[in-house]
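Architecture at a glance
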Amino acid sequence: QVQLVESGGGLAQAGGSLRLSCAASGRTFSTHDMGWFRRAPGKEREFVAAIRWSGATYCADSVKGRFTIARDNAKNMAFLQMNSLKSEDTAVYYCAAGLVVSLTRADNYHYWGQGTQVAVSS
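Report on the accompanying structure. (Residues numbered from 1 in each chain as written. Predicted model: local features only at pLDDT ≥ 70, side-chain atom pairs only at ≥ 80, totals over all residues. Heavy atoms only, no water.)

1. Some thoughts on the pattern of salt bridges
Any two side chains of opposite charge can pair, so long as their charged atoms come close to each other. Heads up, the rule is: One speaks of a salt bridge when a side-chain nitrogen belonging to Lys or Arg is within 4 Å of a carboxyl oxygen belonging to Asp or Glu. The helix count covers DSSP runs of H or I at least four residues long, the strand count covers runs of E at least two residues long, and both are numbered beginning at the N terminus. Three exposure classes are used, based on accessible area relative to the maximum for each residue type with a 1.4 Å probe and protein chains only: buried under 20%, partly exposed in between, and exposed over 50%.
For the structure on display, the rule yields six salt bridges. Between Arg 38 and Asp 89 there is a salt bridge whose closest N-O contact spans 2.9 Å. Of this pair, Arg 38 sits in strand S4 (residues 33-39) while Asp 89 sits in the loop between strand S8 (77-82) and strand S9 (91-98), and the two are 51 residues apart along the sequence. Across the pair Asp 107 and Arg 105 runs a salt bridge, and its minimum N-O distance is 2.7 Å. When its relative accessible area of 55% is taken as the criterion, Asp 107 is described as exposed. Residue class for Arg 105 comes out partly exposed when judged on its relative accessible area of 45%. By sharing partners, the salt bridges in this structure join Arg 38, Glu 46, Arg 66 and Asp 89 into a single network.

Written out as structure tokens, the structure reads:
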């Protein structure tokens, strides 16, 4: 069992930065793949970024070059560094974990956090 708690959301100006954190409980964290998804108002949940237990990373085209995902297995933490924020990045961001086949598919993840709100003003 893995429990996830996100933090670090808030209000930022366009062009600014935020760093989201995901704290995980459970001794199997290091063997789980981690992902970040987001849901904007009125839109479907979408994949943002993911990191394999091995450290390999993947980002959606919409955030590539602006967002970076990382993990610290010793601290049971995952991070999403968001730079050059745009108004379209406004959404609730969710951390997810699992033994994942397809990183971009939300239904592949077994565990989810409650989400943290990110609002970007233009």
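2. A word on the packing of aromatic side chains
Just so we agree on the cut-off: Whether two aromatic rings pair depends on their centres lying within 6.5 Å, for rings of Phe, Tyr and Trp, where Trp uses its six-membered ring; planes under 30 degrees apart make the pair stacked, over 60 edge-to-face, and the rest tilted. Charge over a ring is defined by NZ of Lys or CZ of Arg lying within 6 Å of the ring centre and within 35 degrees of the ring normal.
Counted by the stated rule, this structure contains four aromatic pairs. When the ring of Phe 37 is compared with that of Phe 47, the centres are 5.7 Å apart and the planes differ by 75°; the resulting orientation is edge-to-face. Within this pair, whereas Phe 37 is found in strand S4, its partner Phe 47 is found in strand S5 (residues 45-51), the two being separated by 10 residues in sequence. Note on Phe 37: relative accessible area 1%, which makes it buried. Their ring planes at 55° and their centres at 5.2 Å tell us that Phe 37 and Trp 112 sit as a pair that is tilted. Of this pair, Phe 37 sits in strand S4 while Trp 112 sits in strand S10 (residues 111-112), and the two are 75 residues apart along the sequence. Here a set of aromatic residues connected by ring pairs shows up, and it is made of Phe 37, Phe 47, Tyr 109 and Trp 112. Its end group placed over the ring of Phe 79, Arg 19 keeps NZ or CZ at 4.1 Å from the ring centre. The ring of Phe 29 carries the charged tip of Arg 71 above its face, separated from the ring centre by 4.7 Å.

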